Amino acid sequence: MSRDEKSPARGLRDKLIGAKQRWAREGRLLTGKAGRDRLPPGQRLVEGRPVLDLGIQPEIPLEQWRLRIDGLVRAPQVLDWQAFRKLPQIERISDIHCVTSWSRYDNRWSGVAAKTVIERAGPLPEARFAVLHSEDGYTTNLPLAALLDDDVLLAHSWDGAPLEREHGAPVRLVVPKRYFWKSAKWVRRIELLSHDRPGFWEERGYHNEGDPWEEERYSW
Ligand SMILES: Nc1nc2c(c(=O)[nH]1)N[C@H]1C(S)=C(S)[C@@H](COP(=O)(O)O)O[C@H]1N2
Ligand SMILES: [Mo]
């Protein structure tokens with residue numbers, strides 16, 4: 001045994017090592033996010049609720065609202081408000097990442113899983129893509145598989161209150177794993193296709209996939 005190992009300094013070092021070993025056992029500082037930050041590259045956090053759209057914010061009375069699921073499906077659907085509210089309702093908490101660089105954490109969305117309405121329509125085997133059509137003429141595209149993810153909602157409420165008109169009332173799509181432009185407001189039709197068809201922004205220089213973690217902002 002050397003002098004050093006009996007010294008008070010040695011005792012302190014053992015304590016530090018012991019503490020760090022305990023951190024390792026307890027998984028201290030782990031975020032549960034597979035070693036990556038919660039904020040995607042190039043994003044900044046906001047607390048408010050920015051509004052982004054083409055400047056047309058349709059007012060849709062509930063009794064006139066319809067949601068169609070058509071294209072490559074066995075049984076095209078037209079849901080009215082009552083039928084929609086009778087479907088199983090779910091709630092999901094997710095982060096918003098807008099391509100214009102703001103992100104907002106912990107948004108609590110309530111509504112119907114997109115999967116629920118799509119499965120009722122029965123996608124044909126050749127259906128692999130979807131185009132979302134909105135009341136303001138906006139469109140956006142997604143692989144069908146992305147729409148069937150269990151965090152994807154046709155949401156009627158946000159943080160416990162019905163959606164406001166400017167945020168897409170009465171029902172908007174929410175796709176947490178993509179930039180927010182894929183989350184169509186005032187959605188009225190889900191069209192299933194065998195081939196991909198770019199939507200409004202996807203035709204205008206924005207990325208076809210829009211994964212914030214890959215920083216898929218633009219198509220170049
Ligand atoms: N129907 C429709 N949906 C839309 C848009 C739009 O112009 N029309 N803009 C998209 C874009 S670019 C963004 S960032 C989000 C903004 O949603 P918010 O206004 O609720 O923040 O809606 C998306 N969904
Ligand atoms: Mo956006």
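The notes below deal with the structure included here. (Residues numbered from 1 in each chain as written. Chains lettered and ligands numbered in written order. Predicted model: local features only at pLDDT ≥ 70, side-chain atom pairs only at ≥ 80, totals over all residues. Heavy atoms only, no water.)

1. A look at the overall build of the protein
Summing up its helical and strand segments, the protein has five helices and eleven strands in all. Among the 220 residues that make up the protein, the fraction classed as buried is 42%. Residue pairs at least 24 apart in sequence account for 67% of intrachain contacts in the protein once pairs closer than 6 positions are excluded. Carbon and sulfur atoms make up 51% of the accessible area of the protein, which totals about 12,300 Å². (Helix = DSSP H or I, 4+ residues; strand = E, 2+ residues; numbered from the N terminus. Buried < 20%, exposed > 50% of the residue type's maximum accessible area, 1.4 Å probe, protein only. Contact = heavy atoms within 4.5 Å. Areas by Shrake-Rupley, 256 points an atom, 1.4 Å probe, with all protein chains shown as cover.)

2. Some thoughts on the sheet that holds strand β11 (residues 187–193)
Spatial ordering of the open sheet is given by β3-β2-β11-β6-β7, a layout of five strands whose pairing is mixed. Each having just a single partner strand, β3 (77–80) and β7 (139–143) make up the two edges of the open sheet. Averaged over all pairs of adjacent strands, the angle between strand axes in this sheet comes to 15°, irrespective of strand direction. Bridge count for strand β6 (residues 129–134) against β11 is six bridges, and the pairing is antiparallel. Residue pairing across strands places V131 opposite E191, the latter belonging to β11. Its contacts with the sheet place helix α4 (residues 114–121) against β2 (66–71), β3 and β11, and it is angled at close to 135° to β3. (Pairing = 2+ DSSP bridges. Axes fitted to C-alpha atoms, helices over the stretch in contact; angles between N-to-C directions.)

3. Thoughts on the packing of aromatic side chains
Overall, the coordinates contain twelve aromatic pairs when judged by the stated rule. Geometrically, the ring pair formed by W201 and Y206 is edge-to-face, given 5.4 Å between the ring centres and 70° between the ring planes. Residue class for W201 comes out partly exposed when judged on its relative accessible area of 30%. Every member of this aromatic cluster is reached through a ring pair, and the members are Y138, Y179, W181, F200, W201, Y206, Y218 and W220. For the cation-ring pair, R49 lies above W158, with the distance from its terminal atom to the ring centre recorded as 3.8 Å. (Phe/Tyr/Trp six-rings, centres within 6.5 Å; stacked < 30°, edge-to-face > 60°. Lys NZ or Arg CZ within 6 Å of the ring centre and 35° of its normal.)

4. A closer look at the nonpolar core
Ranked by internal contacts, the top residues of the largest apolar core, which has 31 residues, are V117, L147, L154, L173 and I190. Considering every element that reaches this core, the biggest residue donor is α4, with four residues. Non-local contacts of V117, meaning those with residues more than four positions away in its chain, are made with I69, L79, L87, V112, L154 and I190. Within the second largest apolar cluster, twelve residues are counted, among which are V46, C98, W109 and L163. (Core = buried A, V, L, I, M, F, W, Y, C linked by side-chain atoms within 4.5 Å.)

5. Remarks on the site of ligand 1
The environment of ligand 1 is made up of 20 residues, and the closest members are P50, D136, H167, R172 and K185. At a separation of 2.7 Å, an oxygen atom of ligand 1 approaches a polar backbone atom of P50. With respect to ligand 1, the backbone of S183 contributes an N or O atom lying 3.0 Å from a nitrogen atom. With the chains in place, 97% of the 530 Å² that ligand 1 exposes on its own is no longer accessible. Here the residues of the shell around ligand 1 are counted per class, giving twelve nonpolar, three polar and five charged. (Near = heavy atom within 4 Å. Polar contact = N/O pair within 3.5 Å; in protein donor to acceptor, adjacent residues only side chain to side chain. Nonpolar A, V, L, I, M, F, W, Y, C, P; charged D, E, K, R; others polar.)

6. Considerations on unusual backbone geometry
Following A169, the chain continues to P170 via a peptide bond in cis, the omega torsion being 0°. Along the chain, P170 falls in the loop between β9 (161–162) and β10 (172–174). In this model, W186 sits at a positive phi of 45°, which is unusual for a non-glycine residue. Mapping W186 onto the fold places it in the loop between β10 and β11. A relative accessible area of 2% means that W186 is categorised as buried. With a phi close to 50°, E215 is a non-glycine residue in the positive phi region. For E215, the location among the structural elements is in the segment after β11.

7. Digging into the side chain of H207
If you trace the backbone, H207 turns up in the segment after β11. For H207, the side chain forms a polar contact with the main-chain nitrogen of E209, separated by 2.9 Å. Excluding residues within four positions of it along the chain, H207 makes contact with W181, K182, E202, E216, R217, Y218 and S219.

8. Concerning the pattern of salt bridges
Under the defined criterion, the tally for this structure stands at 19 salt bridges. A salt bridge links D159 to R49; the shortest N-O distance between them is 3.2 Å. Of this pair, D159 sits in the loop between β8 (153–158) and β9 while R49 is found in the loop between β1 (44–45) and β2, placing the two residues 110 residues apart along the sequence. In the salt-bridge network here, residues are joined through shared partners; they are R49, R104, D159 and E164. (Salt bridge = Lys/Arg side-chain N within 4 Å of Asp/Glu carboxyl O.)

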